[in-house]
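Descriptive structure summary
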Amino acid sequence: MSIRWGYGTNGLTDLRLEDALAVLADLGYDGVGLTLDHMHLDPLVPDLPTRTRQVARVLDRHALGVTVETGARYVLDPRRKHGPSLLDPDPDARAARTRLLIRAVQVAADLGAHAVHCFSGITPDGTDDGTAWKRLADALAPVLDAASAAGVPLAIEPEPGHLLATLADFHYLREEFGGPEVLGLTLDIGHCQCLEPLPPADCVREAAPWLKHVQIEDMRRGVHEHLPFGDGEIDFPPVLEALEATGYQGLAVVELPRHSHAGPRLAEESLRFLRAAERGTP
C-alpha cells in the first residue's frame, strides 16, 4: 500500500485555488489539505454552499482527495493570529470558533473529505490548566456532535505551545470524552521531531489506532519551524515505512505554510523527495 500524498493550500496562497489544484494534479498529488481562508474557500461568505459545490467539481475533475484544515491565521480576527481560540476567556469568542469548526464539518461533508483538522489553541495568560481543559471540552462538544451526524472524523492536532501539545495530551482529551470514534488525531511528523519523547517513526506506530489525518514536513529538535525536506533532521524512510504499515487510508499532506512564495516549486520538490524516501533512497 503506497501513501496518498497531498499538499496544503496554506503553502500555495499566492495561487488561485483552482490554479493550485490544477498544479497539484499535474504534479501527481493524490489530494489536498484545504485550509478554509479568505484567499481560497472563505468559510464566512454568505454563499458558502455554492462556492463549496464549485470547489467539489474542481476536485472531482482532477481526481483529488481532500482534508479540510482549519488553521488559517486571521480568518476570524484580523488582529489576533488564530484568534479567538477554543480556550478564549470570552464565551462568545469561543463560540465563534466552535461555529467555524461546525461550518468546516459541513464543508467537509459536502466535499467528501476524509477528515476535519483542528487544534486547541494556546492557553491564555492567567488561565489554569483545569479551566483550559474544561473550556476545550465544552467548546468541542457541539463540533463532535456535528461531526458524528455528518460522518466526518474530527482530527485534532497536537501543536507545540498549545494546551494540547503532545500525543499524551490527545489521549487525555479523548478520555475526557469517553473515547468517541469520531474524535481522531492529526499527527504532524515534524511536531514529533520537535517535541515528542519518541522518534517520529515510533510516534506513527503509537498513534496508528486514532490516526485520521497526517501532516508532514522536515523539522529540527526543539524548534517549531516547518522546513522543506532535507533542511531538518528527520530520517524519513523509517517514518514512511511505519506509516505504510499502519494501513492509514487518508492523505499525508505536506505542510509548508511559510513558503507560499515558492509554493509550486516546493510542491514539485517535496513529492519527488517523498517518493524517493518511500523507496528508501531520499
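Residues numbered from 1 in each chain as written. Predicted model: local features only at pLDDT ≥ 70, side-chain atom pairs only at ≥ 80, totals over all residues. Heavy atoms only, no water.

Side note on the overall build of the protein
In terms of regular secondary structure, the protein is built from nine helices and ten strands. Dimensions of the protein, computed from the C-alpha atoms along their principal axes, are close to 50 × 45 × 35 Å. Out of the 282 residues in the protein, the part that is buried amounts to 57%. Carbon and sulfur atoms make up 48% of the accessible area of the protein, which amounts to about 11,900 Å² in all. (Helix = DSSP H or I, 4+ residues; strand = E, 2+ residues; numbered from the N terminus. Buried < 20%, exposed > 50% of the residue type's maximum accessible area, 1.4 Å probe, protein only. Areas by Shrake-Rupley, 256 points an atom, 1.4 Å probe, with all protein chains shown as cover.)

Some remarks on the pattern of salt bridges
Pairing is possible between side chains of opposite charge, provided their charged atoms come close. Across all of its chains, the model carries nine salt bridges by this definition. A salt bridge links R80 to D88, with the shortest nitrogen-to-oxygen separation between them at 3.0 Å. The exposure class of R80 is partly exposed, given its relative accessible area of 38%. Judged by its relative accessible area of 9%, D88 falls in the buried class. E269 is paired through a salt bridge with R265; the nearest N and O atoms lie 3.2 Å apart. Within this pair, E269 and its partner R265 are both found in helix 9 (residues 263-278), separated by four residues, close to a single helical turn. One salt-bridge network, in which partners are shared between bridges, spans D77, R80 and D88. (Salt bridge = Lys/Arg side-chain N within 4 Å of Asp/Glu carboxyl O.)

Things to note about the packing of aromatic side chains
Counted according to the given criterion, the structure contains five aromatic pairs. Ring centres 5.8 Å apart and planes at 75° place the aromatic pair Y7 and Y29 in the edge-to-face group. Here the residue Y7 occupies a position in strand 1 (residues 4-8), and Y29 occupies one in the loop between helix 1 (17-27) and strand 2 (31-35), the gap between them amounting to 22 residues. For the pair Y7 and Y29, a shared accessibility class is recorded, and that class is buried. Aromatic pair F229 and F273: ring centres 5.2 Å apart, planes at 15°, arrangement stacked. Taken as a pair, F229 in the loop between strand 9 (223-227) and helix 8 (236-246) and F273 in helix 9 lie far apart in primary sequence, 44 residues in all. (Phe/Tyr/Trp six-rings, centres within 6.5 Å; stacked < 30°, edge-to-face > 60°.)

Examining the pairing of strand 6 (residues 183-188)
Judged by how many residues are buried, strand 6 sits mostly within the fold: six of six residues are covered. The pairing of strand 5 (residues 154-156) with strand 6 spans three bridges and is parallel. Across the sheet, the residue bridging to I156 is L185, located in strand 6. For the handedness criterion, the β-α-β arrangement of strand 5, helix 5 (residues 167-176) and strand 6 is classed as right-handed. Direction of pairing for strand 6 relative to strand 7 (residues 211-216): parallel, over a ladder of four bridges. Looking at the pairing, T186 lines up with H213 of strand 7. (Pairing = 2+ DSSP bridges. Right-handed = clockwise from strand over helix to strand, strands pointing away.)

Structural notes on the packing of helix 4 (residues 129-150) against helix 5
One can describe the packing of helix 4 onto helix 5 by two numbers: an axis separation of 11 Å at closest approach and a directional angle of 60°. One finds that helix 4 runs oblique with respect to helix 5. Seen along the crossing, helix 4 lies across helix 5 with a hand that is right-handed. Contacts from W133, L136 and L140 in helix 4 reach D169, Y172 and L173 in helix 5. (Axes fitted to C-alpha atoms, helices over the stretch in contact; angles between N-to-C directions. Parallel < 35°, antiparallel > 145°, perpendicular 65-115°, else oblique. Left-handed = near helix turned anticlockwise from the far one by under 90°. Contact = heavy atoms within 4.5 Å.)

Notes on helix 2 (residues 48-62)
Compared with the 21 Å implied by 1.5 Å per residue over 15 residues, the 21 Å span of helix 2 between its first and last C-alpha is a close match. All of the buried residues in helix 2 are L48, R51, T52, V55, V58 and L59. Taken end-on, helix 2 shows its buried residues confined to a sector of 120°, consistent with a single buried face. Pointing more than 90 degrees away from the buried face of helix 2 are the exposed residues R57, D60 and R61. The elements touched by buried residues of helix 2 are helix 1, strand 2, strand 3 (65-69) and helix 3 (91-111). After helix 2 finishes, the residue A63 shows a positive phi value of roughly 55°. (Expected span 1.5 Å × (residues − 1). Arc of directions from axis to C-beta.)

Concerning the side chain of R51
Along the chain, R51 turns up in helix 2. Within the structure, R51 has its side chain in polar contact with the side chain of E18 (distance 2.8 Å). Not counting the four nearest positions on each side in its chain, R51 is found in contact with L17, E18, H40 and L41. (Polar contact = N/O pair within 3.5 Å; in protein donor to acceptor, adjacent residues only side chain to side chain.)

Focus on the pairing of strand 7
With five of six residues buried, strand 7 is to be regarded as a mostly interior element. Where strand 7 meets strand 10 (residues 251-254), three bridges bridge the pair, whose relative direction is parallel. Each bridged residue has a counterpart across the sheet, and for V214 the counterpart in strand 10 is A252.

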